[in-house]
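Here is what each chain is made of, one letter per residue.
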Amino acid sequence: MALLDVRDLSVRFETHQGTVRAVERVSFRLERGETLGIVGESGSGKSVTCLAILGLIPSPPGVVESGAVDFDGRDLLKLSAAELRHVRGNEISMIFQDPMTSLNPLLTVARQLTEVLEIHEGVSHREARKRAAAALGDVGIPHPEARLDAYPHELSGGMRQRAMIAMALLCEPVVLFADEPTTALDVTIQAQILELMGELQRKRGTAIVLITHDLGVVAGMADRVHVMYAGRLVETGTTHALFAAPQHPYTRGLLESVPTLTGDPDAELHSIDGQPPDLAALPSGCAFAPRCELVVDGCRSAVPPLEPVPGADPAAGDRRAACFEVKP
Amino acid sequence: MSALLEVEDLHKHFPVGKRGLFGRPASWLRAVDGVSFTLERGESLGLVGESGCGKSTTARTVIGLQRATSGSVRLDGAELTHMTRAELQAYRQRMQMIFQDPYASLDPRQTVGSILTEPLIIHGIGRSRERKLRALALLDAVGLNPRHVNRYPHEFSGGQRQRIGIARALALEPDLILCDEPVSALDVSIQAQIVNLLKELQERFGLAYLFIAHDLAVVRQLCHRVAVMYLGRVVETAPRDDLYRDPKHPYTRALLSAVPVPDPRVEETRERIVLEGDVPNPSDPPTGCSFHPRCPERGNVPGDRCAVEIPALEELGARRLRACHLEADDGPRS
């Protein structure tokens, strides 16, 4: 049985511009100890998916229209606020892009860490402080005892992100949602944090949902990848299979538009024409159709379902794509 | 004939902390600490490095958005650092800038047409009708629909707004455009469009770019030469292919090795140099080579030379410069 089973999740936002369909019928499973990468560009719905699973969609304007999230025999979407708080931080944790906005600037690092332990595990203050220092040490913060009494602004960006990871892992969660965890960091610091996340995962067997726009980060971290476009999953597969033979024209376009350190620097970069769609005015049919090179008439009238890729190698995992033009 | 842009021993220091009795600041943050480079007509030079390395401050000082503390900036041989604002005006026309955030760098209350004709009005170029026609031509040049000339910035997407920023920079037909992280706020698919556009415009108008970026893969796509900065100083410069094929400074090596590769097969097998520690605080830089506390190759330099002596930027083969105490052929080749 999957650790986390998300089925048919749909989220919309009621805005002045009309109804924004941020997530449309997204389903996926997360297995124990694996890293699942969810990639997509701004507005693809990857972050909203994660927030909806964690019960963090502000309402209004957000509405979780439908779906179920099975976790350990419970449907997370049906839990009360108090029950959900217990799950979050205890069994499921999250880290976000900008540690400065997720850490409380008025509390010392020690207080934010010990609070988690006192609330979720009811340990004494003294014990909590000891464990907080150990947690900071685990994420590679030098002289953790000395850093306990620092405020977030006194730490560098990389240190803050480490402190946030320490906080997220304090209660030894089984699932960690990481939403663009290294996007705000410099590349040498990003390398440190990615290495740290990989190491912690190997040690503790935490399953990670890694949400990112960076295909390089996904290639290095994820076992499986799901690609989102305009609120829908458009392609899934193991990281190897998906990068080796992308099926959906959007995935293909995305992979080709990334500049690399090895491609021909004098060749024109492949780019996807046009702009991402307005989620408040989605075209009928496939949302990618207006930018697609392979578009046929049928694409404009019906939304292609996410279906198994014909003839895919069974070793490629659950290989699916949402495109009428994917043929064996 | 001199190079288009010559920057020599440029310094920009900012006061930090309270001013004392005689108006002296507690200390100085040396954001740019002796930077030199040249840029030829039609050439693009990438200025790369991580946050706080001084790359943006260098660009802003070159174009005169802030005064240099010392050093020299020459455009076509004319010294800009001592000019008055009025004198600078004429040179500004030849040197324009594109910013990172296309949302913050366009006035939301101006139409696109007015954004594009404003520089022409300021510099007294053309009559009203000619200026309008020029705005339409500029929109066309950057791949926007000229019929949208009366729209406001909020009616465009991020990528389209960056195109407007580029059109504005082109309005005065400059020789040089300083691009400060022009694609880092954009999504991958849009980023590629803008990179291609910048390349096309360079060829079409013979532009020189000083291209400031932290993304080494983007720089490789756009630049002929690259200068790597660390804590206010240039540590290595080289023609593009040399730098990416065979980086000579340990920091450049680490930086290149830290770039994630969008290919799981490569990611699985490659050895990554993971630097320890953080970028030091520029208001309290380490002694000697400012990279030495993090340098993985420090052990290959005898004694404590790295901790004591600031390495000079020295010639290392054809058109290559490096500031490092390592022997010239030390270290791994890749």
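Only a predicted model underlies this, so the values are computations on that prediction, with no experimental measurement involved. (Residues numbered from 1 in each chain as written. Chains lettered and ligands numbered in written order. Predicted model: local features only at pLDDT ≥ 70, side-chain atom pairs only at ≥ 80, totals over all residues. Heavy atoms only, no water.)

### Looking at the interface of chain A and chain B
Consideration 1: Tallying the contact residues gives 44 residues for chain A and 42 residues for chain B.
Consideration 2: Summing both sides of the interface, chain A and chain B together bury roughly 3,600 Å²; the carbon and sulfur share of this comes to 56%.
Consideration 3: When the buried area of chain A at its contact with chain B is split by residue, T188(A), L261(A) and P265(A) rank highest and sum to 19% of it.
Consideration 4: Where R240(B) meets D266(A), a salt bridge forms, and the shortest distance between an N and an O atom there is 3.2 Å.
Consideration 5: Run the count over chain A and chain B and you get 21 residue pairs in polar contact (both at pLDDT 80 or more).
Consideration 6: Those elements that place two or more of their residues in the side of chain A that touches chain B are α8 (187-204), α9 (215-221), α10 (239-244) and α11 (249-257) of chain A.
Consideration 7: It is α8(A) that provides the largest number of residues to the side of chain A that touches chain B, a total of 7 residues.
Consideration 8: Among the residues forming the side of chain A that touches chain B, the class breakdown is 17 nonpolar, 18 polar and 9 charged. (Contact = heavy atoms within 4.5 Å. Buried area = accessible area lost by both parts, 1.4 Å probe. Salt bridge = Lys/Arg side-chain N within 4 Å of Asp/Glu carboxyl O. Polar contact = N/O pair within 3.5 Å; in protein donor to acceptor, adjacent residues only side chain to side chain. Helix = DSSP H or I, 4+ residues; strand = E, 2+ residues; numbered from the N terminus. Nonpolar A, V, L, I, M, F, W, Y, C, P; charged D, E, K, R; others polar.)

### Topic: the pattern of salt bridges
Consideration 1: Counted under the stated rule, the structure contains 43 salt bridges over all chains.
Consideration 2: In this structure, D297(A) engages R300(A) in a salt bridge whose closest nitrogen and oxygen atoms are separated by 4.0 Å.
Consideration 3: A relative accessible area of 67% places D297(A) in the exposed class.
Consideration 4: Notably, a salt bridge pairs R265(B) with D263(B), separated by 3.0 Å at the nearest N-O pair.
Consideration 5: Judged by its relative accessible area of 17%, D263(B) is buried.
Consideration 6: Salt bridges here are not isolated pairs; linked through shared partners, they connect R12(A), E14(A), R21(A), E24(A), E65(A) and R232(A). (Buried < 20%, exposed > 50% of the residue type's maximum accessible area, 1.4 Å probe, protein only.)

### Here's the deal with the environment of L56(A)
Residue and element names in this part refer to chain A.
Consideration 1: Residue position: L56 is located in the loop between α1 (46-53) and β4 (62-71).
Consideration 2: L56 sits in the partly exposed class, given a relative accessible area of 30%.
Consideration 3: Separated by 28 residues in sequence, L56 and L84 place their C-alpha atoms 9.9 Å apart.
Consideration 4: Contact partners of L56, with chain neighbours within four places excluded, come to L51, R88 and M94.

### Some remarks on the sheet that holds strand β6 (residues 95-98) of chain B
Strand pairing in a sheet relies on backbone hydrogen bonds. The paired strands run either parallel or antiparallel.
Residues and elements named next belong to chain B.
Consideration 1: Read from one edge of the open sheet, 8 strands run β6-β7-β8-β3-β9-β10-β12-β11, paired in mixed fashion. A strand with exactly one partner marks an edge of an open sheet, and here the two such strands are β6 and β11 (314-315).
Consideration 2: Against the sheet, helix α1 (residues 55-62) engages β3 (44-48), β6, β7 (176-180), β8 (208-213) and β9 (225-230), with an angle of about 145 degrees to β8.
Consideration 3: Strands β9 and β10 (233-239) of the sheet are contacted by helix α9 (residues 250-258), whose axis makes an angle of about 100 degrees with β9. (Pairing = 2+ DSSP bridges. Axes fitted to C-alpha atoms, helices over the stretch in contact; angles between N-to-C directions.)

### A closer look at the domain arrangement of chain A
Residues and elements named next belong to chain A.
Consideration 1: Under the domain assignment, chain A is made up of domain 1 (4-222) and domain 2 (229-321).
Consideration 2: Computed over C-alpha atoms only, the centres of domain 1 and domain 2 are separated by 27 Å.
Consideration 3: Listed by partner, the interface residues are 16 residues for domain 1 and 15 residues for domain 2.
Consideration 4: Interface area lost by domain 1 to domain 2 is led by E24, E41 and L215, which between them contribute 36%.
Consideration 5: The salt bridge involving E24 is made with R232; its shortest N-O contact spans 3.3 Å.
Consideration 6: Mapped onto the side of domain 1 that touches domain 2, the elements with two or more residues apiece are β2 (18-30) and α9.
Consideration 7: Considering every element that reaches the side of domain 1 that touches domain 2, the biggest residue donor is β2, with 8 residues.
Consideration 8: Counted by class, the side of domain 1 that touches domain 2 contains 8 nonpolar, 5 polar and 3 charged residues. (Domains from an automatic or database assignment.)

### Re the sheet that holds strand β3 (residues 35-39) of chain A
All names here are of chain A.
Consideration 1: Strand order in this open sheet of 8 strands is β6-β7-β8-β3-β9-β10-β12-β11, and the pairing throughout is mixed. Of all strands in the sheet, those with a lone pairing partner are β6 (92-95) and β11 (307-308), marking the two edges.
Consideration 2: Pairing of β6 with strand β7 (residues 175-179) involves 4 bridges; the strand directions are parallel. Looking across to β7, one finds that M94 is bridged to F177.
Consideration 3: Sheet contacts for α1: β3, β7, β8 (207-212) and β9 (224-229); angle to β8, the most-contacted strand, approximately 145 degrees.

### Considerations on unusual backbone geometry
All names here are of chain A.
Consideration 1: In the segment running from S59 into P60, the intervening peptide bond is cis, with an omega of -10 degrees.
Consideration 2: The topology assignment puts P60 in the loop between α1 and β4.
Consideration 3: Cis peptide bonds are those with omega within 30 degrees of zero, and the linkage from P60 to P61 qualifies with 10 degrees.
Consideration 4: Structurally, the position occupied by P61 is in the loop between α1 and β4.
Consideration 5: One non-glycine residue, D72, lies in positive phi territory at about 60 degrees.
Consideration 6: Within the secondary structure, D72 is located in the loop between β4 and β5 (74-75).
Consideration 7: A positive phi is found at H143, a non-glycine position, where the angle reads about 45 degrees.
Consideration 8: Residue H143 is classed as exposed on the basis of its relative accessible area of 60%.

### Describing the side chain of E235(A)
Consideration 1: Its place among the elements puts E235(A) in strand β10 (residues 232-238).
Consideration 2: From its side chain, E235(A) meets the backbone nitrogen of Q247(A) in a polar contact 2.8 Å long.

### Examining empty space enclosed by the protein
All names here are of chain A.
Consideration 1: According to the stated counting rule, one finds 3 cavities of 30 Å³ or more in the structure shown.
Consideration 2: In this structure, the largest cavity occupies an estimated 90 Å³ of space.
Consideration 3: Taken together, the residues of the lining of the largest cavity break down into 9 nonpolar, 3 polar and 2 charged.
Consideration 4: Taken as a whole, the second largest cavity encloses approximately 80 Å³ of empty space.
Consideration 5: Around the second largest cavity, the lining comprises 14 residues; the ones closest to its centre are P249, C286, C292, C299 and C323. (1 Å grid on protein atoms, 1.4 Å probe; cavity = no way out; pocket = protein on both sides within 12 Å on 5 of 7 lines; lining within 4 Å. Points joined across faces, edges and corners; volume = space filled by probe spheres on them.)

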